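Residue strings, one per chain:
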Amino acid sequence: MRNLPSSYFALVMATGVIAIAGRELGLPLLPDALGALNVVAYALLWALTVARLARHRRALLADLFDHVNGPGFFTVVAATGVLGSQFVALWAAYWVASALWVLTLALWTLLTFTVFAGLTIKESKPDLAGGITGGWLLAVVATQSVVVLALEIVPAVEGSLLPPLWFLALSMWLWGGMLYVWLMALIFYRHVFYAFSPADLTPPYWINMGAMAISTLAGTLLIVHGETAGSSLLAAIEPLLKGVTILFWATGTWWIPMLVVLGVWRHLVKRFPLRYDAAYWGMVFPLGMYTLCSHHLARALELGFLEGVSRVFVVAAVAAWAATFLGLVRSLVTGAGREGAVA
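For every chain, the first residue of the written sequence is number 1, and numbering continues from 1 along that sequence. The model is predicted, so local features are restricted to residues of pLDDT at least 70 and side-chain atom pairs to those at 80 or more, both for listing and for counting; the totals for chains, interfaces and linings are taken over all residues. Heavy atoms from the whole structure form the basis of all side-chain values; hydrogens and water molecules are not counted.

Another point: the overall build of the protein chain. Secondary structure counts use DSSP, requiring at least four H or I residues in a row for a helix and at least two E residues in a row for a strand, with both numbered from the N terminus. Secondary structure assignment for the protein chain yields 13 helices and zero strands. Along its sequence from the N terminus, the protein chain presents helices and strands in the succession α-α-α-α-α-α-α-α-α-α-α-α-α. The globule rule is 2.2 Å times the number of residues to the power 0.38, and the radius of gyration it is compared with is taken over C-alpha atoms. Relative to the 2.2 N^0.38 estimate, which gives 20 Å for 343 residues, the radius of gyration of the protein chain is 20 Å and therefore close to what a compact globule would have. Taken over the C-alpha atoms alone, the protein chain extends approximately 65 × 45 × 40 Å along its principal axes. To sort residues, take the accessible area from a 1.4 Å probe on protein chains only and compare it with the maximum for the residue type: under 20% means buried, over 50% means exposed, and anything in between is partly exposed. Here the protein chain, with 343 residues, has 52% of them falling under the buried criterion. By element, 71% of the accessible surface of the protein chain is carried by carbon and sulfur atoms, the whole surface being about 15,400 Å². Residues counted as positive are Lys and Arg, residues counted as negative are Asp and Glu, and His and the chain ends are not counted. Taken as the charge centre is NZ of Lys, CZ of Arg, CG of Asp or CD of Glu, depending on the residue. Of the charged side chains in the protein chain, 18 are positive and 15 negative; the average position of the first set lies 13 Å away from that of the second. Reported accessibility uses the Shrake-Rupley method at a 1.4 Å probe radius. Residues are deemed covered only where the shown protein chains occlude them.

Structural data, given as structure tokens:
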């Protein structure tokens, strides 16, 4: 509990997005099973987090204002948003999803200005090589999760509240894109101009792609609402929405072969050991989100050939989830065994 990783809510992000993608792509049984498991995981992780706050407050606060671990707390925001989207996609529970959206927005506000303000005024800071990772882009994922869920609960929102909701969603979508530009400039600089060891290539670097994937998904939802929901603002800027959404998808797609090559270099060339780490959920989530965003992009822009992309990536995403979940179970079993032996 004391050392619970700040980014462990990525488990909920990954499980939820694969459940949603599975439902939209017509996979049998799996979506509901993952959805039920995800509700349990979300509740359990909140219980552990609250207990950690009560019993190990100093450790939690140290992580919150740490340049490497602090951004991991944004998984709490994104997990809440993904869970809300799951309630809509799997069970059409709009009122539950609406309550989760309010919580997502509140958590986003609290953590955004707490983490970034804390890291800004912190007196002792690491250099760029030691302080920035792909995990910083979880702030982008958290922002876009607010947008996605806001647009998915529209059927449950009173008509007079829709214009400000659409405006908020559009503003946060654009802000998330700008935040990606800021952070990716630093991350790319760190990649190219600083020494890079296999240990530095942590799984959260897949968020380089995942942040663009969820931004693409949010863009497709804005496009659809502009065409069908009567928003004059969204309809007026439809060309901008389509162009930027394709830009996001293309950027995310560029990262996939790059990350695969770096992964081969890490594990096959440098023989870095492949063993379970909670950070691997930060790799599973982007694969599931890329599946989902490609499916939505194909429908929103009538690009049928992209459906094949989503069909391929859903297999990769489910396989990655299964391997990571088995690693989690094994680590829990072996960890319990060690504790029993020590006792």
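Looking now at the pattern of salt bridges. One speaks of a salt bridge when a side-chain nitrogen belonging to Lys or Arg is within 4 Å of a carboxyl oxygen belonging to Asp or Glu. Overall, the coordinates contain six salt bridges when judged by the stated rule. With its nearest N and O atoms 2.9 Å apart, the salt bridge here joins Asp 32 to Arg 23. In this structure, Lys 242 engages Glu 227 in a salt bridge whose closest nitrogen and oxygen atoms are separated by 3.7 Å. Taken together, the positions of Lys 242 in helix H11 (residues 238-269) and Glu 227 in helix H9 (residues 207-228) put the pair 15 residues apart, joining distant regions of the chain. Exposure remark for Glu 227: the relative accessible area of 42% places this residue in the partly exposed category. One salt-bridge network, held together by shared partners, links Glu 227, Glu 238 and Lys 242.

Any Phe, Tyr or Trp ring, taking Trp's six-membered ring, that has another such ring centre within 6.5 Å forms a pair; planes under 30 degrees apart are called stacked, those over 60 apart edge-to-face, and the others tilted. All chains considered together, the criterion is met by 18 aromatic pairs. When the ring of Tyr 42 is compared with that of Trp 46, the centres are 6.5 Å apart and the planes differ by 80°; the resulting orientation is edge-to-face. Within this pair, Tyr 42 and its partner Trp 46 are both found in helix H2 (residues 30-55), separated by four residues, close to a single helical turn. For Tyr 42, a relative accessible area of 9% corresponds to the buried category.

We now examine helix H5 (residues 94-121). Under the convention used throughout, the expected extent of a helix is 1.5 Å for every residue step, that is, one less than its residue count. Between its first and last C-alpha, H5 extends 40 Å over 28 residues, near the 40 Å set by a 1.5 Å rise per residue. Buried within H5 are the following residues: Ala 97, Ser 98, Leu 100, Trp 101, Thr 104, Leu 107, Trp 108, Leu 111, Thr 112, Val 115, Gly 118 and Leu 119. Buried-residue contacts for H5 involve H2, helix H3 (57-64), helix H4 (74-91), helix H7 (138-152) and helix H8 (162-193). Here, two residues are considered to be in contact whenever any of their heavy atoms come within 4.5 Å of each other.

Our focus in this paragraph is the nonpolar core. Residues belong to one nonpolar core when they are buried, are Ala, Val, Leu, Ile, Met, Phe, Trp, Tyr or Cys, and are joined through side-chain atoms within 4.5 Å. Counting 109 residues, the largest nonpolar core has Leu 137, Trp 173, Met 209, Trp 281 and Phe 285 as its most contacted members. Those residues within four positions of Phe 285 in sequence are excluded, and the remaining contacts are Met 13, Ala 14, Val 17, Val 82, Val 141, Ile 207, Gly 210 and Ile 214.

A patch is a set of surface residues, each over 30% in relative accessible area and not in a salt bridge, joined within 9 Å for like charges and within 5 Å for the nonpolar side chains Val, Leu, Ile, Met, Phe, Trp and Tyr. Taken together, the side chains of Phe 188, Tyr 189, Val 192, Phe 193, Tyr 194, Trp 254 and Met 258 present a nonpolar region at the surface, about 710 Å² in accessible area. Of all elements in the fold, only H8 and H11 reach the threshold of two or more residues within the nonpolar patch. Sort the elements by how many residues they give to the nonpolar patch and H8 lands first, with four residues. Turning to its location among the elements, Phe 193 is positioned in helix H8.

Below, the discussion takes up the environment of Ala 14. Its location among the elements puts Ala 14 in helix H1 (residues 10-24). Classification of Ala 14 as buried rests on a relative accessible area of 0%. Apart from the residues lying within four places of it in its own chain, the contact partners of Ala 14 are Trp 281, Val 284, Phe 285 and Trp 321.

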